[in-house]
Amino acid sequence: VLRRPAINQSSDWLNITALDVSKGAWGRQVLATRCAVTLAQDDVPVVPTVYSPLTVARNLAGDRLVRDLREYPRLVHQALEAITETTIAFVQETLRAGAAGIFFATACATRDFLSQPEYEAFGRRYDLQVLAAAEAGWFNTLHIHGRKIYFDEFLDYPVQALNWHDCH
């Protein structure tokens, strides 16, 4: 439950740093993946959900993300780099734990949220870094959430399956 956004003013983006994925919530998720893989054995592929860096930033900032990426792009990019670093480390750890791949979810690739050039600069750029780290998996799924999705942006994403949210 989000009680209040972590980003309440533009300078808060400077507080976003890469995290150690062996600790805290990240570490619990890696452990959960390891346990699920053990329970599933070879019968069922285990595919943990991984949110795109821009989706994480949106969850941290709420409604102010779009304003900040337009007014303070350097700050947002700096935070996205840290979020991407953490996300890549998590992907690598879950694959080492036996995950078959990842369920990569984005909720930001829509005309209702950003322009296509903005998504290219603030979304796709970081998505592809995470998905490159996931290529060691054999079953990566891309999940696109929202209305008026930029489907063409995803034609060359290195995934084996595509899923999208089509109604509310």
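Everything discussed here concerns the structure shown above.
Note that the structure is predicted; figures quoted are calculated from it, not measured.

Hey, could you run me through the nonpolar core in this one?
A general tendency of soluble globular proteins is for nonpolar side chains to be buried together. The biggest cluster of nonpolar side chains holds 43 residues, and the ones touching the most others in it are Trp13, Leu54, Leu65, Val91, Ile102, Tyr119 and Phe154. Every element with two or more residues in this core is listed here: helix H2 (53-61), helix H3 (64-71), helix H4 (73-96), helix H5 (116-134) and strand E3 (141-144). Here the element with the most residues in this core is H4; it accounts for ten residues. Isoleucine 102 has contacts with Val47, Pro48, Val50, Val91, Thr94, Val130, Leu131, Ala134, Phe139, Asn140 and Thr141, leaving out every residue within four places of it along the chain.

Can you walk me through H2 in this structure?
Residue pairs spaced three or four apart in an α-helix point in one direction, given the helix's 3.6 residues per turn. The set of residues buried in H2 consists of Pro53, Leu54, Thr55, Ala57 and Ala61. Of the surrounding elements, those touching the buried residues of H2 are strand E1 (49-51), H3, H4, strand E2 (103-106) and H5. Just beyond H2, the residue with positive phi is glycine 62, at close to 65°.

It is not clear to me how the pairing of E2 should be interpreted in this structure. Could you clarify?
Looking along a regular strand, one sees the side chains alternate between the two faces of the sheet. With three bridges connecting them, E1 and E2 associate as parallel partners. Within the sheet, the bridge partner assigned to tyrosine 51 lies in E2 and is alanine 105. The sheet contact formed by E2 and E3 spans four bridges and is parallel. Bridge pairing in E3 links phenylalanine 103 to threonine 141. Handedness of the crossover is the feature at issue here: the chain leaves E2, passes through H5, returns alongside E3, and the resulting connection is right-handed.

Definitions and limits used
- Residues numbered from 1 in each chain as written.
- Predicted model: local features only at pLDDT ≥ 70, side-chain atom pairs only at ≥ 80, totals over all residues.
- Heavy atoms only, no water.
- Core = buried A, V, L, I, M, F, W, Y, C linked by side-chain atoms within 4.5 Å.
- Buried < 20%, exposed > 50% of the residue type's maximum accessible area, 1.4 Å probe, protein only.
- Helix = DSSP H or I, 4+ residues; strand = E, 2+ residues; numbered from the N terminus.
- Contact = heavy atoms within 4.5 Å.
- Pairing = 2+ DSSP bridges.
- Right-handed = clockwise from strand over helix to strand, strands pointing away.

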